[in-house]
Structures are given as C-alpha cells and as structure tokens.
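This is what each chain is made of:
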Amino acid sequence: MPTVQNVIDGGVAYSTLNDTTLAVDSELIGVIDRAQKELMARHSSRFITKTTVSAPGAGTAWTAPVTSKIHRIEKADGTKVHVVDVDDQEAAFDPRVYRLTDAVYTVGSNPNPASEALVFIHATVPATLSATGSNLQGSWPEWWTRILELEVALFLAVKDGRASEAQLIQVELNSKKAEFDMDMAEDQTTEEHRYTEPG
C-alpha cells in the first residue's frame with residue numbers, strides 16, 4: 001500500500017519546476033487526506049466495512065458508527081434487521097429497529113439490547129492521514145493513486161504561481177477523476193434482486 005510520502009514524491013516528480021521548500025509536510029498531507037476522503041465519500045457504496053456494536057444494555061440504544069451511510073444492519077447470525085420509521089414502527093416484521101441520529105433503538109425486544117450485538121455494514125470512513133509515513137486507506141485502489149499525486153502537483157503549481165501549468169494539471173486531474181467515477185460505477189459485484197409482479 002502506498003504511503004503519503006510515495007504520493008508526495010509522485011506529485012513532486014510531475015514537474016522539474018516543483019520546489020518542495022514552498023510547502024511543509026502538513027500542507028501536503030492535508031491535500032492528500034482531503035482528496036482521498038472526498039473521492040471515497042463520492043462512492044460510499046464501493047468502500048464498505050463492518051462494525052460490530054456490543055449489546056448496550058436493557059432499555060438503551062446501540063450507537064451507530066460514524067459514517068456517511070449505513071447500508072444494512074444485521075444480527076450476529078447474519079439475520080437482516082429492518083430499519084423502520086419511528087412514526088411507522090409496524091412497517092416491517094421483527095427484528096426491527098428505528099434510528100434517531102446515531103442512536104438505534106429496538107422495536108419491542110427483537111433485537112434485544114440486553115444481550116445482542118448488532119453488525120453495521122456501512123461506508124468506510126478513512127482514518128485521517130497524519131504523517132508522511134502513513135499508509136493510504138487499506139481499501140483505496142492503488143492504481144488510482146495518480147489522482148492523489150496530481151492533487152499534490154496542482155497544489156505546488158498554484159502555490160508557486162505557475163498558473164498555466166496549474167491549468168494543464170487541472171485538466172488532467174478532471175479527466176482522471178471522471179475515469180475514476182466510471183471505474184467505481186462499473187466495479188460492482190453483480191447482485192441478485194427479487195422482483196414482484198404488478199398486482
């Protein structure tokens with residue numbers, strides 16, 4: 001997995017005019033961190049992880065993971081937990097929960113907060129990059145690291161006042177992001193769905 005320093009080196013190598021003394025490491029780390037998070041958030045269904053939340057205790061709520069999107073909630077044995085509206089709690093059969101912000105409450109006693117953990121399948125929230133030796137997010141596709149390198153190259157060109165070069169880098173960056181979007185849209189496992197005939 002590439003490190004932040006690998007990305008910085010790739011961005012610096014884009015142009016012989018790049019002067020690394022114009023930027024401190026914290027600036028370049030921030031550029032890479034923001035770019036990676038923004039791209040992963042745009043394709044939250046592509047970057048998925050699981051978090052198990054232990055039984056919180058009778059009469060209390062499970063705390064949902066901090067994330068941009070929860071795709072599914074399951075019991076520990078894989079049974080789907082239906083998420084219903086707090087104002088329409090009879091909309092599905094057990095097991096049922098409703099969500100208030102990051103608090104997930106059972107409907108009735110199935111699932112049972114006194115004894116059952118819940119598994120949240122959700123969009124990955126990348127850890128904040130904090131050092132040049134930090135690895136990129138583990139689920140980041142390495143073949144798209146060039147986008148992050150271009151972000152670094154663009155930052156250096158803009159900071160150095162090389163407007164014409166910055167414009168060229170921006171064009172290439174936009175093109176790579178468009179290719180990334182198409183790749184993420186196509187790189188999906190084929191899913192089986194059940195369809196009901198119109199009644």
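Everything here concerns the structure above.
Thresholds, definitions, all that
- Residues numbered from 1 in each chain as written.
- Predicted model: local features only at pLDDT ≥ 70, side-chain atom pairs only at ≥ 80, totals over all residues.
- Heavy atoms only, no water.
- Helix = DSSP H or I, 4+ residues; strand = E, 2+ residues; numbered from the N terminus.
- Rg over C-alpha atoms; globule rule 2.2 N^0.38 Å.
- Buried < 20%, exposed > 50% of the residue type's maximum accessible area, 1.4 Å probe, protein only.
- Contact = heavy atoms within 4.5 Å.
- Areas by Shrake-Rupley, 256 points an atom, 1.4 Å probe, with all protein chains shown as cover.
- Lys, Arg positive; Asp, Glu negative; His and termini not counted.
- Charge placed at Lys NZ, Arg CZ, Asp CG, Glu CD.
- 1 Å grid on protein atoms, 1.4 Å probe; cavity = no way out; pocket = protein on both sides within 12 Å on 5 of 7 lines; lining within 4 Å.
- Points joined across faces, edges and corners; volume = space filled by probe spheres on them.
- Nonpolar A, V, L, I, M, F, W, Y, C, P; charged D, E, K, R; others polar.
- Pairing = 2+ DSSP bridges.
- Axes fitted to C-alpha atoms, helices over the stretch in contact; angles between N-to-C directions.
- Left-handed = near helix turned anticlockwise from the far one by under 90°.

Q: I'd like a description of the overall build of the protein, backed by residues and values.
A: Counting its regular elements, the protein contains four helices and seven strands. Order of helices (α) and strands (β) in the protein, N terminus to C terminus: α-α-β-β-β-β-β-β-β-α-α. Compactness check: the protein gives a C-alpha radius of gyration of 22 Å against a globular reference of 16 Å for 199 residues, more than 25% above the reference. For the protein, the proportion of its 199 residues judged to be buried stands at 40%. Within the protein, contacts between residues separated by at least 24 positions form 71% of all contacts whose residues are at least 6 apart in sequence. When the accessible surface of the protein is split by element, carbon and sulfur atoms take 50% of a total near 11300 Å². Charge-centre separation for the protein: the mean point of 17 positive side chains lies 2 Å from the mean point of 29 negative side chains.

Q: If you had to explain the environment of Lys 37 to someone new, which residues and values would you point to?
A: Tracing the chain through its elements places Lys 37 in helix 2 (residues 25–42). Along the backbone, Lys 37 and Pro 126 are 89 residues apart, and their C-alpha atoms lie at a distance of 6.4 Å. With residues near it in sequence (within four places) discarded, Lys 37 still touches Pro 126, Ala 127 and Thr 128.

Q: Kindly report on the environment of Val 31, identifying the contributing residues and their values.
A: With respect to the helices, strands and loops of the structure, Val 31 is situated in helix 2. Residue Val 31 is classed as buried on the basis of its relative accessible area, which comes to 9%. Taking the C-alpha atoms as reference, Val 31 lies 43 Å from Asp 87; in sequence the two are 56 residues apart. Look past the residues within four positions of Val 31 in its chain and what remains in contact with it is Glu 151, Val 152 and Phe 155.

Q: So, the layout of surface pockets: which residues are in play, and what are the values?
A: Computed from the structure, the largest pocket encloses a volume of approximately 150 Å³. Forming the boundary of the largest pocket are Ile 70, His 71, Arg 72, Ile 73, Lys 80, Val 81, His 82, Val 83 and Ile 121. For the lining of the largest pocket, the per-class residue count stands at five nonpolar, two polar and two charged.

Q: An account of the pairing of strand 7 (residues 118–123) is requested, with residue identities and associated values reported.
A: Across the six residues of strand 7, six count as buried, placing the element largely inside the fold. Sheet topology note: the strand 1 (residues 48–53)/strand 7 ladder contains six bridges and is antiparallel. Opposite Thr 49, over in strand 7, you have His 122 as the bridge partner. Pairing geometry for strand 3 (residues 70–75) and strand 7, over five bridges, is antiparallel. From the neighbouring strand, Lys 75 faces strand 7, where its bridge partner is Leu 118.

Q: With reference to specific residues and values, describe the sheet that holds strand 2 (residues 62–63).
A: If you trace the seven strands from one edge of the open sheet to the other, you get 1-7-3-4-5-6-2, paired in mixed fashion. Of all strands in the sheet, those bounded by a partner on one side alone are strand 1 and strand 2. Of the strand pairs in this sheet, strand 2 and strand 6 (residues 103–106) are connected by two bridges, and their pairing is antiparallel. Bridge pairing links Thr 63 to Ala 103 in strand 6.

Q: Could you give an account of the packing of helix 2 against helix 4 (residues 163–186), with specific residues and numbers?
A: In contact at an axis separation of 11 Å, helix 2 and helix 4 are set at 40° when each is read in the N-to-C sense. You can see that helix 2 and helix 4 cross each other, and the crossing is right-handed. Side by side, helix 2 and helix 4 meet where Glu 38, Leu 39 and Arg 42 of the first sit next to Lys 177, Phe 180 and Asp 181 of the second. Considering only residue class, the contact of helix 2 with helix 4 consists of two nonpolar, no polar and four charged.

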